[in-house]
Amino acid sequence: MRIDVVTIFPDYLAPLDLSLIGKARRDGLIDLAVHDLRDSTHDRHRTVDDTPYGGGAGMVMKPEPWAEALDAVLAAGAAASVPDGAVPHLVVPGPGGVPFTQAMARQLATEPWLAFACGRYEGIDERVYEYAAERMPVTVVSLGDYVLNGGEVAVLAMVEAVARLLPGVIGNEASLVEESHEDGLLEYPVYTKPASWQGRDVPAVLLSGDHGAIARWRHEQRLERTAARRPDLLPAAATLAGLEEAEVR
Ligand code: SAM
């Protein structure tokens, strides 16, 4: 997968050199390029923002550098690993976007080329979204119902959630199957050695060797945990389970 990130803080994306994502990049599974938006400015101060029309607090990111940077992304990807004629799916992080979910991560993981545009200040001039949409699919995506200072943290989260789904990135791909949010339920509690620690014992069923009993216990724990922490997920999980049952029949 090709991934381009445009930001005014390229160093913010340095963690993408670490751990499994860093390894995936070195193994050639992910071709990730980070672009400094200020490289697409042409004044002495490398200006990327200006005051908002209509007044109000804060600054707005100017359209000219963004248009030039997005054109540079198209050119850079085309010169790199992407198939002929391909364009990226542009993801613009923003608190006013559609919520990022595991289902969206799964969908994005099927795409050959993703680009991310990190906003700062009060956000990006609205005309940039129109400019981009004339050239590539654009989705504004929110990490959650709160406000960050910039899109970089959201991109770190989204790239990690997408990249770990790519074949070969996670050593044991079976570990992806039972995770929280894969089928609408949260994951069951997990334990490791020692079996007894500070007077707290691992649930006996997990030491029983009875795989059927363990699977039943884990399923009950998933339901209980989801009901306690995320009751809003249960109707969707029930629908999914119903569909699966119907497919089996
Ligand atoms: N004025 C904007 C609003 O109220 O919608 C918020 C701008 S925020 C201070 C600056 C940047 O942080 C945004 O352009 C976006 O890139 C990023 N950002 C903030 N909150 C976010 C969230 N919940 N999800 C994704 N990106 C977010």
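The following refers to the structure shown. Keep in mind it's a predicted model, so treat the numbers as computed, not measured.

### Concerning the environment of Gly-97
Moving on, step 1. With respect to the helices and strands, the residue Gly-97 is situated in strand S5 (residues 89-99).
Moving on, step 2. Using a count of 15 C-beta atoms within 10 Å as the deciding quantity, one classes Gly-97 as partly exposed.
Moving on, step 3. With 46 residues separating them in the primary sequence, Gly-97 and Leu-143 have C-alpha atoms 8.4 Å apart.
Moving on, step 4. Residues within four places of Gly-97 in sequence aside, it is in contact with Val-140, Val-141 and Ser-142.

### Topic: the environment of Pro-63
Moving on, step 1. Structurally, the position occupied by Pro-63 is in helix H2 (residues 63-79).
Moving on, step 2. For Pro-63, a count of 17 C-beta atoms within 10 Å corresponds to the partly exposed category.
Moving on, step 3. Along the chain, Pro-63 and Arg-46 lie 17 residues apart, while their C-alpha atoms are 14 Å from each other.
Moving on, step 4. Among residues more than four places away in sequence, those in contact with Pro-63 are Asp-125, Arg-127 and Val-128.

### Some details on the site of the ligand
Moving on, step 1. Of all residues adjacent to the ligand, which total 19 residues, the nearest are Pro-93, Gly-119, Leu-148, Gly-151 and Ala-154.
Moving on, step 2. For the shell around the ligand, the element with the most residues is S5, which contributes four residues.
Moving on, step 3. Classifying every residue of the shell around the ligand gives eight nonpolar, nine polar and two charged.

### Details of the sheet that holds strand S2 (residues 31-36)
Moving on, step 1. Taken in spatial order, the five strands make up an open sheet running S2-S1-S6-S5-S7, and their pairing is parallel. Looking at the sheet topology across the chains shown, the edges are occupied by S2 and strand S7 (138-142). Averaged over all pairs of adjacent strands, the angle between strand axes in this sheet comes to 30°, irrespective of strand direction.
Moving on, step 2. Both S5 and S7 contribute to a ladder of six bridges, which runs parallel. Residue Pro-93 lies in a different strand from S7, and its bridge partner there is Val-141.
Moving on, step 3. Those strands touched by H2 are strand S1 (2-7), S2 and strand S6 (113-117), and its axis lies near 155° from that of S1.

### Thoughts on the environment of Val-6
Moving on, step 1. Here Val-6 is to be found in strand S1.
Moving on, step 2. Note on Val-6: 27 C-beta atoms within 10 Å, which makes it buried.
Moving on, step 3. The spatial distance from the C-alpha of Val-6 to the C-alpha of Leu-37 is 5.9 Å, given a sequence separation of 31 residues.
Moving on, step 4. Beyond its immediate sequence surroundings of up to four residues, Val-6 is in contact with His-35, Leu-37, Ala-69, Val-73, Ala-117 and Cys-118.

The rules behind these values
Residues numbered from 1 in each chain as written. Predicted model: local features only at pLDDT ≥ 70, side-chain atom pairs only at ≥ 80, totals over all residues. Helix = DSSP H or I, 4+ residues; strand = E, 2+ residues; numbered from the N terminus. Buried ≥ 20, exposed ≤ 12 C-beta atoms within 10 Å, placed from the backbone. Contact = placed C-beta atoms within 7 Å. Near = placed C-beta within 6 Å. Nonpolar A, V, L, I, M, F, W, Y, C, P; charged D, E, K, R; others polar. Pairing = 2+ DSSP bridges. Axes fitted to C-alpha atoms, helices over the stretch in contact; angles between N-to-C directions.

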